[in-house]
Amino acid sequence: MVHQLITFSLILTSVASTMGHDDHRRNPNVVLIYIDDMGWNDLGCTGSAIIDTPNLDDMAADGLLFEQ
């Protein structure tokens, strides 16, 4: 998991450094949420019926959800 997080951070850094000033206005923002000690299906968007996570479910529905 740490290796994947470092790789993702390096990709974001390299993409951000290659963009010009005008490109920042056209590209979407990136929000990376890192949660410790959470199971793979503890969110409503991944199948949990026990834990209520409406805000995170809305973010997953409107954006990208990386499941692997």
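Refer to the structure above for everything that follows.
Nothing here was measured: the structure is a model prediction, and the numbers come from that model. Think of each chain on its own: its residues are numbered from 1, step by step along the sequence as written. Where totals are concerned, whole chains, interfaces and linings use all residues; where local detail is concerned, this predicted model gives features only for residues with pLDDT of at least 70, and gives and counts side-chain atom pairs only at 80 or more. Side-chain measures here rest on the full set of heavy atoms in the structure, leaving out hydrogens and waters.

Q: Looking at this structure, I do not really get the overall build of the protein chain. What am I missing?
A: Across its full length, the protein chain holds three helices and zero strands. Only protein chains enter the area calculation, which uses a 1.4 Å probe; residues under 20% of their type maximum are buried, those over 50% are exposed, and those in between are partly exposed. Looking at the protein chain as a whole, 6% of its 68 residues qualify as buried. Note that accessible areas follow from Shrake-Rupley with a 1.4 Å probe, and for residues the cover is restricted to the protein chains shown. Total accessible area on the protein chain stands at roughly 6100 Å², and carbon and sulfur atoms take up 57% of it. Secondary structure elements are defined from DSSP: runs of H or I of at least 4 residues count as helices, runs of E of at least 2 residues count as strands, and each element is numbered from the N terminus.

Q: Can you walk me through unusual backbone geometry in this structure?
A: Trans is the common state for peptide bonds, and a negative phi is the common state for residues other than glycine. Positive phi, normally seen in glycine, also occurs at Asp37, with a value near 60°. One can find Asp37 in the loop between helix H2 (23–26) and helix H3 (54–62). Given the relative accessible area of 76%, Asp37 is considered exposed.

Q: What is the right way to read the side chain of Thr53 from this model?
A: Among the secondary structure elements, Thr53 is positioned in the loop between H2 and H3. By relative accessible area, Thr53 is classed as buried at 11%. At a separation of 3.0 Å, a polar atom in the side chain of Thr53 contacts the main-chain amide nitrogen of Gly44. Note on contacts: a residue pair qualifies if any of its non-hydrogen atoms lie within 4.5 Å across the two residues. Not counting the four nearest positions on each side in its chain, Thr53 is found in contact with Asp42, Leu43 and Gly44. For this analysis, a polar contact is any N or O atom pair within 3.5 Å, provided that within protein one partner can donate a hydrogen and the other can accept it, and provided that sequence-adjacent residues contribute only side-chain to side-chain pairs.

Q: Help me out: how do you make sense of the side chain of Ser48 in this one?
A: With respect to the helices, strands and loops of the structure, Ser48 is situated in the loop between H2 and H3. At a separation of 3.3 Å, a polar atom in the side chain of Ser48 contacts the main-chain amide nitrogen of Ile50. At 3.2 Å, the side chain of Ser48 and the backbone nitrogen of Ile51 are in polar contact. Those residues within four positions of Ser48 in sequence are excluded, and the remaining contacts are Asn41, Asp42 and Leu43.

Everything listed here is a matter of geometry and, on its own, says nothing about what the molecule does.
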